[in-house]
Every structure is written in C-alpha cells, then in structure tokens.
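Architecture at a glance
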Amino acid sequence: MKVSKNEVDGAIALLAEFPAEPAADRPSDGSDVLLDPERVRRARGNSGPGTTSDATTVLFVSDTHLGYKNRERTGRGKTVSWVNEISSCEAFSRIVRIACNRGVDAVIHTGDIVDHEVAAKTLDYAEACLDTLANRGIPVYCVIGSHDHDSANPQHSGSVNGITWLREQVKKGHLTELSTSPTPVAGRSLDAYGIPAGNVGINDVGKFYSREWDPSDIAFKPATPGPNVLCLHDGLTPYRKYDADVDLNRLLAQSRVSFDCVLIGDEHRPKNRDFENGYTFEAADGTPVFYTGPAIRISEPYRGHDAFVTELSVSDAGVTTTRHTV
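Since this is a predicted model, take the numbers as computed values, not measurements.

1. Some words on helix 6 (residues 120–135)
- For helix 6, spanning 16 residues, the distance from its first C-alpha to its last is 22 Å, which sits close to the expected 22 Å at 1.5 Å a residue.
- Regarding helix 6, the residues found buried are Thr122, Leu123, Ala126, Glu127, Cys129, Leu130 and Leu133. Down the axis of helix 6, the buried set is contained in an arc of 160°. They therefore lie on one face. Those residues of helix 6 that are exposed and angled more than 90 degrees off the buried face are Lys121, Asp124 and Asn135.
- Looking one or two residues beyond helix 6, the residue adopting positive phi is Gly137, at roughly 75°.

2. Describing the sheet that holds strand 5 (residues 183–184)
- Strand order in the open sheet formed by six strands is 5-6-7-10-12-11, and the pairing between neighbours is mixed. Looking at strand neighbours, the two that pair on one side only are strand 5 and strand 11 (280–282), the edges of this open sheet.
- Where strand 5 lies against strand 6 (residues 191–195), two bridges are found, and the strand directions are antiparallel. Bridge pairing in strand 6 links Thr183 to Ala192.

3. Quick notes on the sheet that holds strand 13 (residues 308–315)
- Ordered in space as 4-3-2-1-13-14, the six strands form an open sheet in which the pairing is mixed. The strands lining the two open edges of the sheet, one partner per strand, are strand 4 (176–177) and strand 14 (318–325).
- Both strand 13 and strand 14 contribute to a ladder of eight bridges, which runs antiparallel. Each bridged residue has a counterpart across the sheet, and for Leu312 the counterpart in strand 14 is Thr321.
- Packing of helix 5 (residues 88–102) onto the sheet brings it into contact with strand 1 (56–61), strand 2 (106–109), strand 13 and strand 14, and relative to strand 1 it is tilted by some 170°.

4. What about the environment of Gly194?
- Note on placement: Gly194 falls in strand 6.
- On the basis of relative accessibility, which here comes to 2%, the residue Gly194 falls in the buried class.
- The sequence separation of Gly194 and Thr183 amounts to 11 residues, and the corresponding C-alpha distance is 9.1 Å.
- Beyond its immediate sequence surroundings of up to four residues, Gly194 is in contact with Val143, Leu178, Ser179, Thr180, Leu230 and Cys231.

5. Thoughts on the layout of surface pockets
- By volume, the largest pocket is sized at about 530 Å³.
- Lining the largest pocket are 22 residues; nearest its centre among them are Lys78, His268, Arg269, Ile298 and Ser299.
- Among the residues forming the lining of the largest pocket, the class breakdown is five nonpolar, seven polar and 10 charged.

6. Overview of helix 8 (residues 162–172)
- Taken residue by residue, helix 8 has Gly162, Ile163, Trp165, Leu166 and Gln169 as its buried positions. Down the axis, helix 8 shows its buried residues gathered within 155° of arc, on one side only.
- If you follow the buried residues of helix 8, they end up packed against helix 6 and helix 7 (146–150).
- Two to three positions downstream of the cap, the backbone nitrogen of Ile163 sits 2.9 Å from a side-chain oxygen, assigning the N-cap of helix 8 to Asn161.
- After helix 8 finishes, the residue Gly173 shows a positive phi value of roughly 85°.

7. Here we look at unusual backbone geometry
- For the bond running from Thr237 to Pro238, omega is 5°, close enough to zero to count as cis.
- Following the sequence through the fold, Pro238 ends up in the loop between strand 8 (236–237) and strand 9 (246–247).
- In this structure, Ala186 is a non-glycine residue whose phi angle is positive, near 55°.
- Counting through the fold element by element, Ala186 comes out in the loop between strand 5 and strand 6.
- By relative accessible area, which is 32% here, Ala186 ends up partly exposed.
- We note that Asp266 has phi near 90°; this positive angle belongs to a residue other than glycine.
- Along the chain, Asp266 turns up in the loop between strand 10 (261–264) and strand 11.

Rules and cut-offs
- Residues numbered from 1 in each chain as written.
- Predicted model: local features only at pLDDT ≥ 70, side-chain atom pairs only at ≥ 80, totals over all residues.
- Heavy atoms only, no water.
- Helix = DSSP H or I, 4+ residues; strand = E, 2+ residues; numbered from the N terminus.
- Expected span 1.5 Å × (residues − 1).
- Buried < 20%, exposed > 50% of the residue type's maximum accessible area, 1.4 Å probe, protein only.
- Arc of directions from axis to C-beta.
- Pairing = 2+ DSSP bridges.
- Contact = heavy atoms within 4.5 Å.
- Axes fitted to C-alpha atoms, helices over the stretch in contact; angles between N-to-C directions.
- 1 Å grid on protein atoms, 1.4 Å probe; cavity = no way out; pocket = protein on both sides within 12 Å on 5 of 7 lines; lining within 4 Å.
- Points joined across faces, edges and corners; volume = space filled by probe spheres on them.
- Nonpolar A, V, L, I, M, F, W, Y, C, P; charged D, E, K, R; others polar.
- Polar contact = N/O pair within 3.5 Å; in protein donor to acceptor, adjacent residues only side chain to side chain.

Structure follows, in structure tokens:
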C-alpha cells in the first residue's frame, strides 16, 4: 500500500500525543526507536513501492585552513607568493553566505578546518559564522584533517589550541563529527559516514600517526534505507600513487556498506591541473569520488584560478554537483 507524505506527517502528529516511552514498555523493548520521529521522517524515502526520496542538498567544503596567513607571522609552514591576498576568515564568511543563499540542507566539511597555527580572534570570527548557520537551521558535519590535529600543539605564543576549539563547537552543536556509524543529515534520508585523518577523531588527538590506519581497521555500521556518503581526509589511491596513505578501492571493496559517493579533503591540486575534471573520478567499483579542493587559494595551481565549494544534490536517483566560487 502506498503511503503519502501527508499521511506520514499525520502519523507523526498522532504519535507525538503519546508519551515517548509508554508505561507498559521499557526502552530496551524498542519503544524509544518505535516512537523516534527522526526514524519516522527517514522512512518517508520508503513510504511506498517505486517512490524516490527527496534530494538532500549539501554544501561540500574542505581545507578552509583558518589562520593560514599566520604562517608568515609564525614562520611555520609554506605560503604562496600571494598570501597577502588570502583571508581565511573572509572565505569562511563567503561559504556561510553561499550556504544560506542556496538554502542547502547541510554543510559537510572534509577536514583541515583550521591551520596548525591559529589565533583566538580568527576562531572567534569563525564561531560567529557557525552561529549564523545554526540560526538558519543549517547543520555542519565534519571529519578532521592533519592540520586540525597539528593545531593541538601550536608552537607560537600568539596561537591557541585549535582542537580545544573544535571540541567546544561539537559541544555547542555547531559541528557534528562523522564516524563509521551512519549519521542522518539534517533529518533527511541521506546518511553520512566519516573517517578522520589518521582514523583519529577530535577526542583522540594526541595519538595521531598519519599513515597508520588500514582499510582492514574500518568496520562501517549497517546503512539505513536511502542514499549515503563517505567522507575522508587522507591521501588516497587511485588519485595518488606512491605517496598515498590509504587504498580507496580496497576500503570500498571490504566495506559492507555501498556508498553513493565519496567526498575527500586534503588535495590542493586538481589532477593534471584540470580544474574542470581533475577533482572527480570513479573508484574501481564505479563509486563516484569527489574532491572540492581547498576553499582558499593555497597552492600554486590556484595562481590563476578561484577556489570553490561544491553543492551536491543527493537522492536515490544519484548525485549532481554545482560549483560555487568562494
């Protein structure tokens, strides 16, 4: 029997009139799952034979490197010759403006949110930007990258601990860290999975060794009905060859979850300097793989090119992409 969206909404309204845990039931009996409105909303994608769930729109962002310009002041890290033209704060603000103007359901950040030396005033500015997204009801999901890890041990007196700040943003609900368990994106049918750089998350920084994880270490929890994405921040084959950290084809082959696409951070250069096609390829099993490049112009190929972020529309029918200049 086909069930309409309005009928599902009516069912949610009726369920809301009952206690979350009926007296005759215990949470262990599954009542907390049965009456979970989030679960019911997610079931809309399967509300009748032959139906297709609504698309979820995501702004895919990577490598914002908040504090990048501090490399000149602190002497830590290479910079491009046009470093004085770059403002990570302005770029972060423009990303928020794009997300709000496009009315996306969520933002997904695939790592290196902060640079390794970041000042408190930069993070205060970024927090105000995250406040704007929260007030507009646009959640931000993330995995962290190698520079995020390194920011836990700043070497300059004017820098602060970036990991401490990231943990605070998670506690405030400004950020949701992705993991090997499915995370529903904005309460819709899309699930997101994530593996941080080195397979070490925000709360475990301090154990970071960039090349120590192996696909056999990863066990994804079962997917729920609907499309899903995997988010990573490491150097991966087949994009890289000799300097790759992880074999993406092997990771996907051993996974019990079939991903609709993979979103990756860390790469600052399109393959063969091809900005049109060099950030996109297919894994051996046909899974679409997308980079979006750094959100600020921090590598030599960007001397004459704008940085961009990528809007994804993900549904059971597939994935479409639209780029937006930052």
